[in-house]
Amino acid sequence: MSTLIICLPPTPHGAASVYDYALTPDGRTLASHATVPAALLPAAERRGEVLAVLPASQMSWHSVELPKGIGTGSPRLRAVLENLLEDRLLDEPGQLHLALAPDAASSEPAWVAACDRTWLCEHLQALEAAGKTVTRIVPEFAPGAGALQLHVLGEVDHPFMVLIGRAVSGTIFLPLCNSALALVEQLQSGPDIAGEEVLALAEPALATLAEQSLQRKVNLLTRQQRWLRASSSPWDLAQFDLTNTSRTRAIRRFFSGCREVLQAPAWRPARWGAGALLVANLAGLNAWAWKEQSVLHARRKAIETSLTQTFPQVRVVVDAPLQMEREIAKLRRATGATSGRDLEAILTALGNATAAEQTASAIEFSADEARIKGLQLNAQSAGELSARLRNQGYSVRLEGDTVVVRQDGEQGIAP
């Protein structure tokens, strides 16, 4: 997933503002970079992430210890930070944007980043208006616990150096001059880094000047490579009043990732694989459905054949089970055989299920249904009778003082 890294200029936003950017396809290598107005930044519709980098000259760092019970999710965190930093900030706390370190915990020292809120918001709004919604904000340099690093950056006529590492409180941003170099020598002789080699890095245009000033060999590190390193930082300065915007950006980043999966050439094999899997599943479902339909058709054909062979007089088969039942009923009537629907069978089953002292006063039989009066059943006894007859295939319902019995499982007790 590609990332568009934009370094915010240290000057306030204006009509002539331009932005340095770097484009990375994988977070490790650079694809392109340039300095352009916001409107000419690369289109971000298919970019996985848009990162804003805050230059070291615009940042200040402060170490605080959070009170017990105050964590990163506390609604009082901003007010607590303002109280802790009130005597250490040059500007009013309300004019600054504050951000707490991602690993901050209660009752432990933690770093707080501060920058001008108006300056930051104006640039973010300008990028938003240009269609470049920033998904994360990271510092160009952040306090570190490793060996001392010295970065030389800026212009040839105005060089600066940035010091980071465990021997430095936060980050130190100083002009490249003799007094600043004396501070470096003092840090090198300190007990924290005694015997350790200081890593010196410089932008290519300042390499010669840096080697002459530091009297040592320096490694080359371009501005774009420096921003690429900053993009892997765990910091996200979009906190407090920028939190809601950050959440919206996260949602947009999710949908951007979905578009990446659907459109990016790198995902083409996965898309083809998913398509082939879908087609295979559809083909399998169709084959299974065709097999089931064939089995069902064969069973229906067998039932129809059984009907026409048993009863040759049936010429047209519409509902084989129903027609077979009717033909069997006709055959029984013709031969005098009884069935479960006959009155004799119903009365036999009823007599076996009722007490001997219960007698009927009247019996009516029509449409395979027997209506018996005089049994004097209440709701409870009718329910017990229905349960006993249900095992024999009969249903019972109570209509006033009349008990209705029939060989039909669809009817039940209706007290």
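Look up: the structure comes first, before these words.
Below is a summary of the structure that appears in this document. (Residues numbered from 1 in each chain as written. Predicted model: local features only at pLDDT ≥ 70, side-chain atom pairs only at ≥ 80, totals over all residues. Heavy atoms only, no water.)

**Structural notes on the overall build of the chain**
For clarity, the cut-off: A run of H or I in DSSP counts as a helix once it spans at least four residues, and a run of E counts as a strand once it spans at least two, with each numbered from the N terminus. Using a 1.4 Å probe on the protein chains alone, a residue whose accessible area is under 20% of its type maximum counts as buried, one over 50% counts as exposed, and one in between counts as partly exposed. In what follows, residue pairs with any heavy atoms lying within 4.5 Å of each other are defined as contacts. Accessible surface is estimated by sampling points in the Shrake-Rupley manner with a 1.4 Å probe; for residues, cover comes only from the protein chains shown.
Counting secondary structure elements, the chain contains ten helices and 17 strands. Looking at the chain as a whole, 38% of its 415 residues qualify as buried. Of the contacts made within the chain by residues no fewer than 6 positions apart, 54% connect residues no fewer than 24 positions apart. Accessible surface computed for the chain: about 23700 Å², of which carbon and sulfur atoms make up 54%.

**Observations regarding the side chain of D20**
Spelled out, the test is: Under this definition, polar contacts are N or O atom pairs within 3.5 Å; protein pairs additionally need one hydrogen-donor-capable and one acceptor-capable atom, and for neighbouring residues in sequence, both atoms have to be side-chain atoms.
In this structure, D20 sits in strand β2 (residues 19–24). One polar contact links D20 to T35, side chain to side chain, over a distance of 2.3 Å.

**Description of the packing of helix α7 (residues 268–310) against helix α8 (residues 320–335)**
For clarity, the threshold we go by: Axis geometry follows a simple rule: fit a line to the C-alpha atoms, using only the stretch in contact for helices, then measure angles between N-to-C directions, giving values from 0 to 180 degrees. Relative orientations are named as follows: roughly parallel for angles under 35 degrees, roughly antiparallel for angles over 145 degrees, roughly perpendicular for angles from 65 to 115 degrees, and oblique for any other angle. Working rule for handedness: look at the near helix, and if it is turned counterclockwise from the far one by less than a right angle, call the crossing left-handed; if clockwise, right-handed. In the scheme used here, Gly and all other residues not listed as nonpolar or charged are polar, with Ala, Val, Leu, Ile, Met, Phe, Trp, Tyr, Cys and Pro taken as nonpolar and Asp, Glu, Lys and Arg as charged.
Between α7 and α8, whose axes approach to 10 Å, the crossing angle comes to 25 degrees. Considering the angle they form, α7 stands roughly parallel to α8. The handedness of the crossing between α7 and α8 is left-handed. On the side of α7, the interface is formed by I303, E304, S306 and L307, while α8 contributes A320, Q323 and M324. Across the contact of α7 with α8, the residue classes break down as four nonpolar, two polar and one charged.

**Structural notes on the nonpolar core**
Which entries qualify depends on this criterion: Nonpolar cores are built from buried Ala, Val, Leu, Ile, Met, Phe, Trp, Tyr and Cys residues. Side-chain atoms within 4.5 Å join them into one set.
With 30 residues, the main nonpolar core has L54 and I137 as its most contacted residues. Elements represented by at least two residues in this core include exactly β1 (3–7), β2, β4 (49–54), β7 (109–116) and α2 (117–129). Residues within four places of L54 in sequence aside, it is in contact with L8, M59, C115, W119, L120, I137, V138, P139, E140 and L237. Counting 19 residues, the second-largest nonpolar core is a separate cluster that includes M161, L181, V198 and L206.

**Structural notes on the sheet that holds β4**
Defined as follows: Here a strand pair is declared whenever DSSP counts at least two bridges between the two strands.
Taken together, the five strands give an open sheet; going across it, the order is β3-β2-β1-β4-β8, and neighbouring strands pair in mixed fashion. Either end of the sheet is taken by a strand with one partner, and the two such strands are β3 (32–36) and β8 (136–139). The sheet shows a mean angle of 25 degrees between the axes of neighbouring strands, direction not considered. As judged from the five bridges shared by β1 and β4, these two strands associate in the parallel manner. Following the sheet pairing, I6 is matched in β4 by A52. Each of β1, β2, β4 and β8 is contacted by α2, which is oriented at about 60 degrees to β2, the strand it contacts most. Packing of helix α5 (residues 223–231) onto the sheet brings it into contact with β1, β2, β3, β4 and β8, and relative to β2 it is tilted by some 65 degrees.

**So, the environment of A130**
Secondary-structure assignment places A130 in the loop between α2 and β8. Along the chain, A130 and A38 lie 92 residues apart, while their C-alpha atoms are 6.1 Å from each other. Apart from the residues within four sequence positions on either side, A130 is in contact with A38 and A39.

**What to know about the pairing of strand β17 (residues 402–406)**
Among the five residues in β17, five count as buried, and that is most of the element. Alternating residues of β17 divide into T402, V404 and R406 and V403 and V405, and every residue in both groups is buried. Pairing of strand β15 (residues 369–373) with β17, which is carried by five bridges, proceeds in the antiparallel orientation. By the bridge assignment, K373 is partnered in β17 with T402. Where strand β16 (residues 395–399) meets β17, five bridges bridge the pair, whose relative direction is antiparallel. Considered in β17, the bridge of S395 is made with R406.

**Things to note about the packing of aromatic side chains**
Here is the rule: Between the rings of Phe, Tyr and Trp (Trp by its six-membered ring), a pair exists once the centres lie within 6.5 Å; its type follows the angle of the planes, with under 30 degrees stacked, over 60 edge-to-face, and the other angles tilted.
Per the stated rule, a full pass over the model turns up two aromatic pairs. Ring geometry for W61 versus W235: centroids 5.2 Å apart, planes at 80 degrees, classification edge-to-face. With W61 in strand β5 (residues 60–65) and W235 in the loop between α5 and α6 (243–263), this pair connects stretches of sequence that are 174 residues apart. The two residues W61 and W235 agree in class, both being buried.

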